[in-house]
Amino acid sequence: MTARVLVVGLDACEVTLVERWAREGLLPHFAALQAASRAVVLDGPMRTLPGGIWPEIHTGMNSAASGHFYVPNRLRTGETRLRATRVDEVDAERYFWTQAARHGRRIAVIDPVQAVPAPRLNGVQLFEWGLHDRCFGVQSDPPEFLQSLRLRHGDYPVTSCDCHGETVAGYRKLRDDLLRGLAAKAEFAPELLAREAWDLFFCTISESHCAGHQFWHFIDPRHPWHDPAASADLREALLRVYQGIDAALGRLVAAAGKEAEILALFSHGMDLYFDGPQLLPEILVRLGLASGGNTVSGSRLREWKTRITHLPRPIKKVIKRLARSAAGGHAAAAVGCLVDPFASPQTRAGSVTNNRCGAIRLNLRGREPLGCVEPGDEADELLAHLARELRALVNPQNGKPIVADVFTARERFGAERHPDLPDLLCDFRTDVGMIEDCESPAVGRVHAPIYHPHSPRSGDHTANSRAWMTGPRIDARPVATGGRVTDIAATVLALLDVPLPAWIDGTPLCIVTTATWDEDRDEILAVSVR
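Here the structure is a predicted model, which is why all the values come from computation and not from measurement.

## A closer look at the overall build of the chain
Of the regular secondary structure elements, the chain holds 17 helices and 19 strands. Taking all 530 residues of the chain together, the buried fraction comes to 58%. A total of about 20900 Å² of accessible surface is found on the chain, and carbon and sulfur atoms cover 51% of it.

Now the structure itself:
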């Protein structure tokens, strides 16, 4: 059969690599799709709230308003500890595929990133079978779909892409397992697509995400791990994964049929692991704003601060449990407050997780349970002080500033922003090499390595978001401007002739639309496309 609309999500797939390898004849299906498509450069949250990239794509809602900017580990207003987002804190009704189903469209959704099932959906849903990000558990609706998938293909062969041990054998096993998982999806997803006539078929391919993190140093001589004498099969590992994605894409496009509207979505990209946010915990200690500085000797504290803060959530839980069982020990108290920076009334500002961008939140009185910073002038002065100190940070090797931009959430997102947002955001430069050291008159010299044994990655995310679009209702004429990732949900719903909900911040891309607003129902009615 066919799909009326096919959306292929390419998770952290670097579009510049795809374009280069397509030109060289190495990715024929990508090349054919690109030749037939209109390419739109998409702006998004990658320089502000990068963890919100997929929630914004799925809902069409700005993550600054929704608050879903870092699903795996976030501080919530009224709580002192970082924790993962719970299923009941995600509104599955806001997904574009849920809205399509609620308007009678038949849908299939395979492995959406950081998403949860919607009840009683008109179609098939599969979650986290083959994804880099696993936040809520592997499941399907109906459950029989996952049972059938496991009988035929088993579970996805990669449980964590960080477990290769940095050995040749480990890297080879990771590559082979990614290709096995990809081959399985390239088999069952087109078969499901061909099973019936779908209004919407949405499939995410995520192997590019894991492969980009782990194999980047094999292709990038800028990375200190790069070895030009590495075996050819490892130097080509990333290409082999992209070629597997190319084959899967070709099968999906073929199964969708010639009349399908096709959106290939490059969510964000991959490049050298530049980093910078890992410096913030120690910087705040040096500025006298983070608690724990008097409980442990300085060098020991700095080591714990930089290492513990960025550990995976399960490891943090073990450390916290051990620390809190140590009956009143000073070291235990220090470790506890480093993992949970707002569990102390002495903390004035803490670094919170925000993916590739730095983020600082004030311990604000009346907002945080143990708040000590007064709202108003005191908070504003502290944010201004922090912004000045961040801008003063330079690379000790060349004296160049390491920060591209610093801004408050209020400046960037306004008064209607979600209360869980960090108060200050910092975008680090990516044109000065890897950022592991900094210095300034106020903080001295700080060293915090990018490398961690628990996360031995050489590639990290870029802001390269792109959409390739083709089909009978897509306007193929070139345009001078781009769009936003929040436009994807609006575009899909418009192509399905589904009314746009009021919460959608985006507008349809590459299609000519007219719309009528229904004041009583607070939604846009009957989007027509020509």
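## What about the packing of aromatic side chains?
Throughout the structure, instances matching the rule amount to 16 aromatic pairs. Geometrically, the ring pair formed by Trp21 and Tyr242 is edge-to-face, given 5.4 Å between the ring centres and 85° between the ring planes. Here Trp21 is found in helix α1 (residues 15-23), whereas its partner Tyr242 is found in helix α10 (residues 237-256), with 221 residues between them in sequence. Residue Trp21 shares its accessibility class with Tyr242, and that shared class is buried. Ring centres of Phe96 and Phe202 lie 5.3 Å apart, and the angle between their planes is 40°; this geometry places the pair in the tilted category. With a gap of 106 residues between them, Phe96 in helix α5 (residues 96-102) and Phe202 in strand β6 (residues 198-205) connect regions that are remote in the sequence. Residue Phe202 is classed as buried on the basis of its relative accessible area, which comes to 1%. Sitting above the plane of the Trp503 ring, Arg94 keeps its charged end 4.6 Å from the centroid. Here the basic side chain of Arg412 rests over the ring of Phe407, its NZ or CZ set 3.8 Å away from the ring centre.

## Points about the sheet that holds strand β9 (residues 349-351)
Hydrogen bonds along the backbone pair up the strands of a sheet, which may run parallel or antiparallel. Strand order in the open sheet formed by four strands is β9-β10-β12-β11, and the pairing between neighbours is antiparallel. Looking along the sheet, the strands with just one partner apiece sit at the ends: β9 and β11 (403-408). Taken over all neighbouring pairs, the strand axes of this sheet differ in orientation by 20° on average, direction set aside. Sheet topology places β11 next to strand β12 (residues 424-428); five bridges connect them, and they run antiparallel. Paired with Val406 across the strands is Cys426, a residue of β12.

## Some points on the side chain of His418
Locating His418 in the fold gives a position in the loop between α16 (409-413) and β12. A distance of 3.1 Å separates the side chain of His418 from the backbone nitrogen of Asp420, its partner in a polar contact.

## Concerning the environment of Leu421
Along the chain, Leu421 turns up in the loop between α16 and β12. Since its relative accessible area comes to 2%, Leu421 is described here as buried. Here the alpha-carbon distance between Leu421 and Ala359, two residues 62 residues apart in the chain, equals 8.9 Å. If sequence neighbours within four positions are ignored, Leu421 has contacts with Leu49, Ser63, Ala64, Gly67, Phe69, Arg361, Ala409 and Phe413.

## Regarding the confidence of the model for the chain
For the chain, the average pLDDT comes to 88, and 86% of its residues sit at 70 or higher. Confidence drops under pLDDT 50 across residues 322-338; counting only partners more than four residues distant or on other chains, this segment forms 23 contacts.

## Notes on the nonpolar core
Residues Leu10, Phe30, Leu178, Phe201, Phe215 and Leu252 are the most contacted members of the largest nonpolar core, which totals 65 residues. The leading source of residues in this core is α10, at 11 residues. One finds Val5, Leu42, Trp54 and Leu200 within the second-largest nonpolar core, a separate group that totals 48 residues.

## Quick notes on the packing of helix α7 (residues 168-195) against α10
Following both chains from N to C, one finds α7 and α10 inclined at 5°, their axes separated by 9 Å at the closest point. Here α10 runs roughly parallel to α7, going by the angle between their axes. Between α7, through Arg175, Leu178, Leu179, Leu182, Ala186, Glu187, Ala189, Pro190 and Leu193, and α10, the contact on the second element is made entirely by Ala237, Arg240, Val241, Gly244, Ile245, Ala248, Arg251, Leu252, Ala255 and Ala256. Among the residues making up the contact of α7 with α10, the classes are represented as 14 nonpolar, one polar and four charged.

## Some remarks on the pattern of salt bridges
Once the charged atoms of two side chains with opposite charge are near each other, the side chains can pair. Counted according to the given criterion, the structure contains 39 salt bridges. Where Asp420 meets Arg74, a salt bridge forms, and the shortest distance between an N and an O atom there is 2.6 Å. You can see Asp420 sitting in the loop between α16 and β12 and its partner Arg74 sitting in the loop between α4 (63-66) and α5, a full 346 residues away along the chain. For Arg74, a relative accessible area of 5% puts it in the buried group. Between Arg365 and Glu374 there is a salt bridge whose closest N-O contact spans 2.6 Å. Take Glu374: its relative accessible area is 34%, and that puts it in the partly exposed class.

## Brief notes about the environment of Glu19
Along the chain, Glu19 turns up in helix α1. Between the C-alpha atom of Glu19 and that of Phe30, which follows or precedes it by 11 residues, the distance is 8.1 Å. If we skip the residues at most four places from it in the chain, Glu19 touches Gln34, Arg466 and Trp468.

## Remarks on the packing of helix α6 (residues 143-153) against α7
Put simply, α6 and α7 touch, their axes get as near as 12 Å, and they point 140° apart. Classified by the interaxial angle, the pair formed by α6 and α7 is oblique. Judged by the sense of rotation from one axis to the other, the crossing of α6 with α7 is right-handed. Contact residues: α6 offers Phe145, Leu149, Arg152 and His153, while α7 offers Ala184, Glu187, Phe188, Glu191 and Leu192. Considered class by class, the residues forming the contact of α6 with α7 number five nonpolar, one polar and three charged.

## Overview of the sheet that holds strand β7 (residues 261-266)
A sheet is described by the order of its strands in space; here nine strands give the open sequence β5-β4-β3-β6-β1-β7-β16-β2-β17, paired in mixed fashion. Strands with a single pairing partner mark the edges of an open sheet, and in this sheet they are β5 (139-141) and β17 (483-484). Pairing of strand β4 (residues 123-127) with β5, which is carried by three bridges, proceeds in the antiparallel orientation. Each residue of the ladder has a partner; that of Leu126, found in β5, is Ser140. Running over the sheet, α10 touches β1 (3-10), β6 and β7 and is turned about 170° from β1. Along the sheet, helix α17 (residues 487-495) contacts β1, β2 (38-43), β6, β7, β16 (465-470) and β17; its crossing angle with β7, the most-contacted strand, is approximately 170°.

## Details of α17
Within α17, nine of the nine residues are buried, which leaves the element mostly enclosed by the surrounding structure. Asp487, Ile488, Ala489, Ala490, Thr491, Val492, Leu493, Ala494 and Leu495 are the residues of α17 that are buried. One or two positions beyond α17, positive phi appears at Asp497, with a value near 55°.

Basis of the calculations
- Residues numbered from 1 in each chain as written.
- Predicted model: local features only at pLDDT ≥ 70, side-chain atom pairs only at ≥ 80, totals over all residues.
- Heavy atoms only, no water.
- Helix = DSSP H or I, 4+ residues; strand = E, 2+ residues; numbered from the N terminus.
- Buried < 20%, exposed > 50% of the residue type's maximum accessible area, 1.4 Å probe, protein only.
- Areas by Shrake-Rupley, 256 points an atom, 1.4 Å probe, with all protein chains shown as cover.
- Phe/Tyr/Trp six-rings, centres within 6.5 Å; stacked < 30°, edge-to-face > 60°.
- Lys NZ or Arg CZ within 6 Å of the ring centre and 35° of its normal.
- Pairing = 2+ DSSP bridges.
- Axes fitted to C-alpha atoms, helices over the stretch in contact; angles between N-to-C directions.
- Polar contact = N/O pair within 3.5 Å; in protein donor to acceptor, adjacent residues only side chain to side chain.
- Contact = heavy atoms within 4.5 Å.
- pLDDT = per-residue confidence, 0-100.
- Core = buried A, V, L, I, M, F, W, Y, C linked by side-chain atoms within 4.5 Å.
- Parallel < 35°, antiparallel > 145°, perpendicular 65-115°, else oblique.
- Nonpolar A, V, L, I, M, F, W, Y, C, P; charged D, E, K, R; others polar.
- Salt bridge = Lys/Arg side-chain N within 4 Å of Asp/Glu carboxyl O.
- Left-handed = near helix turned anticlockwise from the far one by under 90°.

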